[in-house]
Amino acid sequence: MPAGSLQLLAQGAIVSLLLAASAIVGGTLLAIVLAVMAFSRLAAVRAGYRVYVYVVRGTPLLVLALLLFYALPALDLRTGPYIAGTLVLIIYTAALFAEVFRGGVLAIPRPQWESARSLGLPPLAMFRKVVAPLVTRYTLPPYVNVCVMTVKASSVLSIISVWELTLAAREIIERTFAVFTVLGLAAAFYFVMCFGIDRLGRRLERHLALRGFAGERA
Amino acid sequence: MGFARWAAIYGPTYATGLAWTAATALAAAGGAIAWGCVLLLIRLSAGRWGALGVDGYVQLFRNTPVLLPIYLIYFAFPMIGLPWPAVVCGALALILQNGAYISEILRGSVNAIDRVQFDAARSLGLAPWNTFRKIVLPQVLVYSIPALGNQTVLLLKDTSLLSAISITELTMQAKLLTEQTGAAYEAFIVVALLYLLLVSGTEVVFRASHRAVRWR
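Residues numbered from 1 in each chain as written. Chains lettered and ligands numbered in written order. Predicted model: local features only at pLDDT ≥ 70, side-chain atom pairs only at ≥ 80, totals over all residues. Heavy atoms only, no water.

**Focus: the overall build of chain A**
Part 1 of the argument: Looking only at helices and strands, chain A has 8 helices and 0 strands in total.
Part 2 of the argument: Ordered by position from the N terminus, the helices and strands of chain A form the series α-α-α-α-α-α-α-α.
Part 3 of the argument: Structurally, chain A occupies a C-alpha span of about 70 × 45 × 25 Å along its principal axes.
Part 4 of the argument: Here chain A, with 218 residues, has 46% of them falling under the buried criterion.
Part 5 of the argument: The long-range share in chain A, meaning contacts at least 24 apart out of those at least 6 apart in sequence, stands at 78%.
Part 6 of the argument: Approximately 11,200 Å² of chain A is accessible, and the part contributed by carbon and sulfur atoms is 67%.
Part 7 of the argument: In chain A, the 20 positive side-chain charges and the 9 negative ones have mean positions that sit 9 Å from each other. (Helix = DSSP H or I, 4+ residues; strand = E, 2+ residues; numbered from the N terminus. Buried < 20%, exposed > 50% of the residue type's maximum accessible area, 1.4 Å probe, protein only. Contact = heavy atoms within 4.5 Å. Areas by Shrake-Rupley, 256 points an atom, 1.4 Å probe, with all protein chains shown as cover. Lys, Arg positive; Asp, Glu negative; His and termini not counted. Charge placed at Lys NZ, Arg CZ, Asp CG, Glu CD.)

So this is what it looks like as structure tokens:
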């Protein structure tokens, strides 16, 4: 393997991590909106949520990525692969995060709702003091899972020519034929990122644990 | 262009893609479930080192994207004297990756089996292999049907990645059509609908089989 390959792979890993990070931030924000839609009083809004989740989870990420990659320039939006790639990752992770959040809200024990209401908490306070803290703790493990999936999913963007870890590896292989070394190193980079996120998530879980509350989980 | 004309021109292209996607997904899903059973058997029977080995395997595949084994097998097998067709390489990669997930699903279901059954099997004098084959595996597979359905859907969607190693499945056909016709998104929207159809069909099959074999 020629000198400099390791640096290229490390740069690719940083790009992958940045892609995943922006998708996680954007996806979480969009997912909060979607989760609110899921509990709307209007049937049409709830249906909108279900259609979004059904379509995004029922189509491969690559198809969504190619669709945006080819369709955005046709709509006169000269965005390039990075914007299209980040956008599609946000759309994709938002569907997964939204389902996680929805499950978390459904897991809130009924007495919590009743006591919040009987205390006369206004809606915003109810969200801030009751819903948000509980949902955060309920959903942390699946949330971290989706974050790990996002890092892995970012590799798909290499096919729409987003230069990140997988595309860096493919380019080096096509030049040097050092298949095992390069893919082994790429795998090691992915492993460190994904495993690291998983461990961080577990530490956060312990940090956020509420004493004496675990048993009340519905 | 009317639908009839459109279907006459592009129908065969989509049909080819659909056939490749369905065949690859079906073969890979079968292989992945079998490989997951083998990994479970190793974990349960090969002692501490066996369990440790399976754990390492599962962690490795869980924390790396599936494109890497796809490229690894596709590029490396010809170099080590195994010039297998691309579709076999791709299916093998999907089997290796999804087998890791499936072995974890099955492991979760082993815990749902009442411990008393293991004592009963031993008191009947069943050999370990027969206990696994006749007592553990059938129950584990039935308990796991919903989770296996989810995993199969993920596998089905991941067959789209095989377009990266030049397999002419649905996604590749859409890409070719887009580049040939210059129509920006029509081909991908049709293909997305076809995937939705396949995914929904898979879910229906797994739900029906879950209902059919659920005992008690």
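**Some thoughts on the pattern of salt bridges**
All names here are of chain B.
Part 1 of the argument: Taken as a whole and assessed by the stated rule, the structure comprises 6 salt bridges over all chains.
Part 2 of the argument: A salt bridge links Asp55 to Arg43, with the nearest nitrogen and oxygen atoms 3.1 Å apart. With Asp55 in helix α2 (residues 47-62) and Arg43 in helix α1 (residues 3-45), this pair connects stretches of sequence that are 12 residues apart.
Part 3 of the argument: For Asp55, a relative accessible area of 32% puts it in the partly exposed group.
Part 4 of the argument: Between Arg43 and Glu104 there is a salt bridge whose closest N-O contact spans 3.1 Å. Of this pair, Arg43 sits in helix α1 while Glu104 sits in helix α4 (residues 86-110), and the two are 61 residues apart along the sequence. The pair formed by Arg43 and Glu104 is uniform in burial state, with each residue classed as buried.
Part 5 of the argument: Where salt bridges share partners, they join Arg43, Asp55, Glu104 and Arg107 into one cluster. (Salt bridge = Lys/Arg side-chain N within 4 Å of Asp/Glu carboxyl O.)

**A word on the packing of aromatic side chains**
Part 1 of the argument: Enumeration according to the criterion identifies 12 aromatic pairs over all chains in this entry.
Part 2 of the argument: Each ring, one from Phe101 of chain A and one from Tyr143 of chain A, has its centre 6.0 Å from the other, and the planes form 15°; the classification is stacked. With a gap of 42 residues between them, Phe101 of chain A in helix α4 (residues 80-106) and Tyr143 of chain A in helix α6 (residues 123-153) connect regions that are remote in the sequence.
Part 3 of the argument: Between Phe77 of chain B and Trp84 of chain B the ring centres are 5.1 Å apart and the planes differ by 75°, which places this aromatic pair in the edge-to-face class.
Part 4 of the argument: With relative accessibility at 16%, the residue Phe77 of chain B sits in the buried group.
Part 5 of the argument: On the accessibility criterion, Trp84 of chain B (39% relative accessible area) is partly exposed.
Part 6 of the argument: Through successive ring pairs, a cluster of aromatic residues spans Phe69 and Tyr70 of chain A together with Phe188 of chain B. (Phe/Tyr/Trp six-rings, centres within 6.5 Å; stacked < 30°, edge-to-face > 60°.)

**A look at the interface of chain B and chain A**
Part 1 of the argument: Contacts between the two partners involve 34 residues from chain B, matched on the other side by 32 residues from chain A.
Part 2 of the argument: Carbon and sulfur atoms make up 77% of the surface buried where chain B meets chain A, a total of about 3,100 Å² over both sides.
Part 3 of the argument: There are 0 salt bridges connecting chain B and chain A.
Part 4 of the argument: Inspection of the region where chain B meets chain A yields 7 residue pairs in polar contact (both at pLDDT 80 or more).
Part 5 of the argument: Those elements that place two or more of their residues in the side of chain B that touches chain A are α2, α3 (67-79), α8 (170-181) and α9 (186-213) of chain B.
Part 6 of the argument: The element best represented in the side of chain B that touches chain A is α9 of chain B, accounting for 8 residues. (Buried area = accessible area lost by both parts, 1.4 Å probe. Polar contact = N/O pair within 3.5 Å; in protein donor to acceptor, adjacent residues only side chain to side chain.)

**Some remarks on the packing of α4 of chain A against α6 of chain A**
For any two helices packed against each other, one specifies the crossing angle of their axes together with the interaxial distance.
All names here are of chain A.
Part 1 of the argument: Interhelical geometry of α4 versus α6 gives an angle of 150° and a closest axis separation of 8 Å. On the basis of their axis angle, the class for α4 and α6 is roughly antiparallel. At the point where α4 passes α6, the crossing takes the right-handed sense. In this structure, α4 uses Leu89, Tyr92, Thr93, Leu96, Phe97, Val100, Phe101, Gly104 and Val105 to contact α6, whose residues at the interface are Val131, Val135, Tyr138, Thr139, Pro142, Tyr143, Val146, Cys147, Met149, Thr150 and Ala153.
Part 2 of the argument: Each residue belonging to the contact of α4 with α6 can be placed in one class, and the counts come to 16 nonpolar, 4 polar and no charged. (Axes fitted to C-alpha atoms, helices over the stretch in contact; angles between N-to-C directions. Parallel < 35°, antiparallel > 145°, perpendicular 65-115°, else oblique. Left-handed = near helix turned anticlockwise from the far one by under 90°. Nonpolar A, V, L, I, M, F, W, Y, C, P; charged D, E, K, R; others polar.)

**A short note on helix α2 (residues 43-58) of chain A**
Part 1 of the argument: Compared with an ideal rise of 1.5 Å per residue, which puts 16 residues at 22 Å, α2 of chain A spans 22 Å between its outermost C-alpha atoms and is within 8% of the ideal.
Part 2 of the argument: Turning to α2 of chain A, its buried residues are Tyr49, Val53, Val56 and Gly58 of chain A.
Part 3 of the argument: Those residues of α2 of chain A that are buried lie in contact with α1 (5-38), α3 (61-74) and α4 of chain A together with α7 (145-158) and α9 of chain B. (Expected span 1.5 Å × (residues − 1).)

**Focus: the nonpolar core**
The nonpolar side chains of soluble globular proteins are, as a tendency, buried together.
Part 1 of the argument: One finds Phe97 and Leu157 of chain A together with Tyr14, Ile70 and Leu161 of chain B to be the most contacted residues of the largest nonpolar core, which totals 109 residues.
Part 2 of the argument: At 12 residues, α4 of chain A tops the list of elements feeding residues into this core.
Part 3 of the argument: Beyond its immediate chain neighbours, meaning those up to four positions away, Leu161 of chain B contacts Leu62, Val156 and Ile159 of chain A together with Val66, Leu67 and Ile70 of chain B.
Part 4 of the argument: Core analysis: the second largest hydrophobic core is formed by 10 residues, Ile108, Val131, Leu134 and Tyr138 of chain A among them. (Core = buried A, V, L, I, M, F, W, Y, C linked by side-chain atoms within 4.5 Å.)

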